[in-house]
Amino acid sequence: MIGRLAGIASRGLFTFDPETAHGLSIKALKSGLIPPCRLAEDPRLVQTVAGIRFPNPIGLAAGYDKNAEVPDAMLRLGFGFTEVGTLTPKPQAGNDKPRIFRLIEDRGVINRLGFNNEGHEAALQRLAARGKAPGILGVNIGANKDASDRIADYVAGIARFYAHATYFTVNISSPNTPGLRDLQARESLKALLDAVLAARAEEALRHGRSVPVFLKIAPDLTEEGLDDIAAEAGSHPLDGLIVSNTTLARDGLKNQVESKETGGLSGAPLFKRSTAVLAKMRQRVGVDLPLIGVGGVGSAADALEKIRAGADLVQLYSCMVYEGPGLASAIVKGLSGLLDREKVSSIRQLRDSRVDQWAATKL
């Protein structure tokens, strides 16, 4: 019944423009109109990654809860973890509207939002008000568009949210802030990681705990770019990589109108490319570095394929536009069914089982 009601509500949101629909969904979660989904924990899905115990491997990617308004409501929908942001030190409006476009035939979304958010202070107040609420909360940090020192913006994010984050994501992969992806170049990435991880070490001494830091990368990197990121990840005490953000590619789309809009493409059309990049990165970094797979996950089969391609954990967002807020719980239940079929005692046993096949994909 919950799934059917959620599906009806999602279709109703399609009568609004995408950004209005997004805002209405946040309001519905705040008001309790979207009922929680109670899931019994399946021990086969429990994962310990970067020292954190995840009750299941399905997380909400950054971009939905930009201002840390509904992290607990999202956790109650069946997500094993949630990620807020991207948060920048100063509030910023982002790019001009319209800036979100549905590609319904492709089950995709194009956005050129540009890190629109209310800034550190507003999010900090909300997270502080959570107190000691349970659940795994990632904080995705970025830089203001007009920042004179973008690395300093990331360092500020570490310091500001250290007391409230279960983990951090350093987002240098959005295509909608001019020049941001330049931080993926090796020399720039080294300087960024040096500064961010030094800030983490300083805060760890102050707080008595080390908060894991993940780096979120783009799916549009060349093979050489992947080599550089893998090398820097290996030479720094980084806790993992998130693969990947949205793509600038437009290959094979049915929609020939909205697909011409600029911005990052996500949803189902991103699945193949992001999964190939995930596998290529797993080959480069070896078996120990945690990887989170993101891009086009709309079913339990999709989530399991990410894991087979090298992911320890999986995140989703855009496919909820089409599948509704019950997607996370449906995937978690579906994964349990798939593990029954595979006759394995832990989903970890299936990780990397299709890395070579996916890594052979040409970008």
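Residues numbered from 1 in each chain as written. Predicted model: local features only at pLDDT ≥ 70, side-chain atom pairs only at ≥ 80, totals over all residues. Heavy atoms only, no water.

- As recorded in an unreviewed UniProt entry, the chain goes by the name Dihydroorotate dehydrogenase (quinone), listed as coming from Neorhizobium turbinariae.
- In its Sequence similarities (unreviewed entry) section, UniProt records this for the chain: "Belongs to the dihydroorotate dehydrogenase family. Type 2 subfamily."
- Listed in UniProt under the heading Function (unreviewed entry), the comment for the chain reads: "Catalyzes the conversion of dihydroorotate to orotate with quinone as electron acceptor." (UniProt positions renumbered as here; feature names shortened; annotations may be inferred.)

## Quick word on the side chain of glutamine 315
- Here glutamine 315 lies in strand β13 (residues 313-316).
- In terms of polar contacts, glutamine 315 uses its side chain to reach the side chain of tyrosine 167, at 3.4 Å.
- Discounting residues that sit within four places of it in the chain, glutamine 315 has contacts with Gly59, Leu60, Ala61, Phe81, Glu83, Tyr167, Ile242, Ile292, Gly293, Val294, Gly295 and Val297. (Helix = DSSP H or I, 4+ residues; strand = E, 2+ residues; numbered from the N terminus. Polar contact = N/O pair within 3.5 Å; in protein donor to acceptor, adjacent residues only side chain to side chain. Contact = heavy atoms within 4.5 Å.)

## With respect to the layout of surface pockets
- In this structure, the second largest pocket occupies an estimated 380 Å³ of space.
- Its residues placed into classes, the lining of the second largest pocket shows nine nonpolar, four polar and five charged. (1 Å grid on protein atoms, 1.4 Å probe; cavity = no way out; pocket = protein on both sides within 12 Å on 5 of 7 lines; lining within 4 Å. Points joined across faces, edges and corners; volume = space filled by probe spheres on them. Nonpolar A, V, L, I, M, F, W, Y, C, P; charged D, E, K, R; others polar.)

## Quick notes on the side chain of glutamine 47
- Here glutamine 47 shows up in strand β1 (residues 47-49).
- Its relative accessible area of 6% is what places glutamine 47 among the buried residues.
- Setting aside its immediate chain neighbours within four residues, glutamine 47 contacts Ile52, Arg53, Phe54, Pro57, Asp312, Leu313, Ser346, Ile347 and Arg348. (Buried < 20%, exposed > 50% of the residue type's maximum accessible area, 1.4 Å probe, protein only.)

## Things to note about the environment of alanine 360
- Mapped onto the secondary structure, alanine 360 falls in the segment after α12 (355-359).
- For alanine 360, a relative accessible area of 58% translates into the label exposed.
- In sequence terms alanine 360 and alanine 276 are 84 residues apart; their C-alpha atoms lie 7.6 Å from each other.

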